[in-house]
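Examining the three-dimensional arrangement
Okay, here's what each chain looks like letter by letter:
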Amino acid sequence: MAGMLDAVDQRTQLVGENRLELLMFQLGGMQMFAINVFKVQEVVKLPKLSYMPHRHNSVAGVTHFRGRTIPVIDLSEAIGMRPIDRTKQCNLIVTEYNNTVQGFMVGDVDRIINMYWNEILPPPDGAGRQHYLTAITRVNERIVEIIDVEKVLAEISPYDSRVSDDVIDNDLLQHAAGLEVLVVDDSSVGLGQCRSTLDYMGIKVHEATDGKRGLEKLKKWAADGEDVPKKLLMMITDAEMPEMDGYRLTREVREDPRLKDLYIVLHTSLSGSFNKAMVQKVGCDDFLSKFQPDKLASLIQDRIRSVIDQSESS
């Protein structure tokens, strides 16, 4: 099964082409679920788990994996379904999100599929596990639900969205008031974290839930006569989003003469080493791993200083 992922390093060529690869699996029933291959390190048979005291209900235990101890999350229970029956075949999907490694216990692992982001759609409005989905797609006439892993992890170990007092330059905050930033992210957790930091700094936040909507918003401003690169301090975009990902969004912005000078930050839970290479490929100005409010605040302040310097020198 590990052989399924042997060629992951070669798949960076998909970036900027609005394409992705999904690892499909089941959680005990017939419904098919998926996550992005780029976040997967390995797939193995479920190893022996050790009990962890005072654990979250969705954490089945811990296991030793390649020299480190990692938590194992029952993904079915985490999204509001029945716990996985460990008397049947179970597998462990080892992933990296925001520079942390964890395992997700699942049932049968199906296969990897190559798709275009425009084939990935936002989930329909509804209750239940719909709240744990970032998107859905259709494969061979079957609905595949793409899980919002950021939300799952945030509920198990809540992110601290507070900015440390010693990070903020209070003299600079007076320049931040009234500035505007566009945040593009399909995850409510990701949007919320950015909004919290930007609100704290007095910056006006515009939001879009996928790259296509983000691009439409930018183009509308431009069509209305706005100088978008001057209107916005920056655009902060996620990488993975239905319909249009952050890499393709960046490419589209750079190819539009009205938008090309917009400052763009890639803000994602994908592997940092991977994204640093992709920032250069698609033309982002900076990269930041998610859920680091202090680093986000520092990056925003550096950008404000740069804008002030440019204004004073012109």
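Right above here is the structure, for reference.
All of the points below concern the structure found in this document. (Residues numbered from 1 in each chain as written. Predicted model: local features only at pLDDT ≥ 70, side-chain atom pairs only at ≥ 80, totals over all residues. Heavy atoms only, no water.)

1. Description of the overall build of the protein
Put simply, the rule reads: The helix and strand labels rest on DSSP assignments: H or I over at least four residues marks a helix, E over at least two residues marks a strand, and numbering proceeds from the N terminus. Only protein chains enter the accessibility calculation, which uses a 1.4 Å probe. A residue is then buried if its area is under 20% of the maximum for its type, exposed if over 50%, and partly exposed in between. Contacts were defined at the residue level, with two residues in contact if any of their heavy atoms lie within 4.5 Å. Here the Shrake-Rupley method, with its probe set to 1.4 Å, supplies the accessible areas, and only the displayed protein chains count as covering residues.
Regarding its fold elements, the protein presents nine helices and 15 strands. Counting all 314 residues of the protein, 53% fall into the buried class. When contacts within the protein are restricted to residue pairs at least 6 apart in sequence, long-range pairs at least 24 apart make up 66% of them. Accessible area of the protein: about 14,600 Å², with a carbon and sulfur share of 45%.

2. A look at the sheet that holds strand E6 (residues 91-97)
Rules: Each pair of strands is called paired provided DSSP finds at least two bridges between the two strands. Only C-alpha atoms enter the line fits that serve as axes; for helices the fit covers just the stretch in contact. Angles between N-to-C directions range over 0 to 180 degrees.
On the basis of which strands lie adjacent, the open sheet formed by five strands has the order E3-E6-E7-E5-E4 and mixed pairing. If you trace the sheet from one side to the other, it starts and ends with strand E3 (40-45) and strand E4 (59-65), each paired once. Within the sheet, the average angular offset between the axes of one strand and its neighbour, ignoring direction, is 30 degrees. Sheet strands touched by helix H2 (residues 149-156): E4, strand E5 (68-74), E6 and strand E7 (100-106). Its angle to E7, the strand with the most contacts, is close to 105 degrees.

3. Some points on unusual backbone geometry
If you check the backbone angles, His-54 has positive phi at about 55 degrees while not being a glycine. Mapped onto the secondary structure, His-54 falls in the loop between E3 and E4. The phi torsion at Arg-66 lies on the positive side, around 50 degrees, for a residue other than glycine. With respect to the element layout, Arg-66 can be found in the loop between E4 and E5. With relative accessibility at 65%, the residue Arg-66 sits in the exposed group.

4. Regarding the nonpolar core
We apply this condition: Here, nonpolar core refers to any group of buried Ala, Val, Leu, Ile, Met, Phe, Trp, Tyr and Cys residues whose side-chain atoms link them within 4.5 Å.
Counting residues in each nonpolar core, the largest one holds 37 residues, and the members touching the most others are Phe-25, Leu-27, Leu-75 and Ile-147. Aside from chain neighbours lying at most four places away, what touches Phe-25 is Gln-31, Met-32, Phe-33, Ala-34, Ile-35, Leu-75, Ile-93, Val-106, Asp-108, Val-109, Asp-110 and Ile-147. Counting 24 residues, the second-largest nonpolar core is a separate cluster that includes Leu-182, Val-184, Leu-215 and Ile-264.

5. As for the packing of helix H5 (residues 211-223) against helix H7 (residues 246-254)
To be explicit about the condition: Here the word oblique covers every angle except those under 35 degrees (roughly parallel), over 145 (roughly antiparallel) and from 65 to 115 (roughly perpendicular). If you view the pair so one helix is near and one far, a crossing is left-handed when the near helix is turned anticlockwise from the far one by less than a right angle, and right-handed when it is turned clockwise. Note that Gly is not counted as nonpolar here; it falls among the polar residues with everything else outside the nonpolar set of Ala, Val, Leu, Ile, Met, Phe, Trp, Tyr, Cys and Pro and the charged set of Asp, Glu, Lys and Arg.
Contact pair H5 / H7: the axes reach a minimum separation of 9 Å and the direction vectors enclose 20 degrees. On the basis of the axis angle, H5 is roughly parallel to H7. Considering the relative orientation of H5 and H7, their crossing is right-handed. Facing Gly-211, Leu-215 and Leu-218 of H5, the residues of H7 in contact are Leu-249, Glu-252 and Val-253. Looking at the contact of H5 with H7, its residues break down into four nonpolar, one polar and one charged.

6. Things to note about the packing of aromatic side chains
Note the cut-off: Working definition: a ring pair exists when centres of Phe, Tyr or Trp rings (six-membered ring for Trp) sit within 6.5 Å. Plane angles under 30 degrees give stacked, over 60 give edge-to-face, the rest tilted. The criterion is that NZ of a Lys, or CZ of an Arg, lies within 6 Å of the ring centre and within 35 degrees of the ring normal, and then a charge sits over that ring.
Scanning all chains against the criterion turns up one aromatic pair. Plain terms: the ring middles of Phe-25 and Phe-33 are 6.5 Å apart, the flat faces sit at 25 degrees to each other, and that makes the pair stacked. For Phe-25, a relative accessible area of 0% puts it in the buried group. Phe-33 gets classed as buried once you look at its relative accessible area, which sits at 0%. The lysine or arginine in question, Arg-19, covers the ring of Tyr-116, its NZ or CZ lying 5.7 Å from the ring centre. The cationic tip of Lys-151 hangs over the ring face of Tyr-132; the distance from NZ or CZ to the ring centre is 5.3 Å.

7. Focus: the sheet that holds strand E10 (residues 142-147)
Strands sit in the order E8-E1-E2-E10-E9 across an open sheet of five strands; the sheet is mixed. Looking along the sheet, the strands with just one partner apiece sit at the ends: strand E8 (109-116) and strand E9 (133-139). On average, each strand axis in the sheet is tilted by 35 degrees relative to the strand beside it, whichever way the strands run. Sheet topology note: the E9/E10 ladder contains six bridges and is antiparallel. Within the sheet, the bridge partner assigned to Val-139 lies in E10 and is Arg-142.

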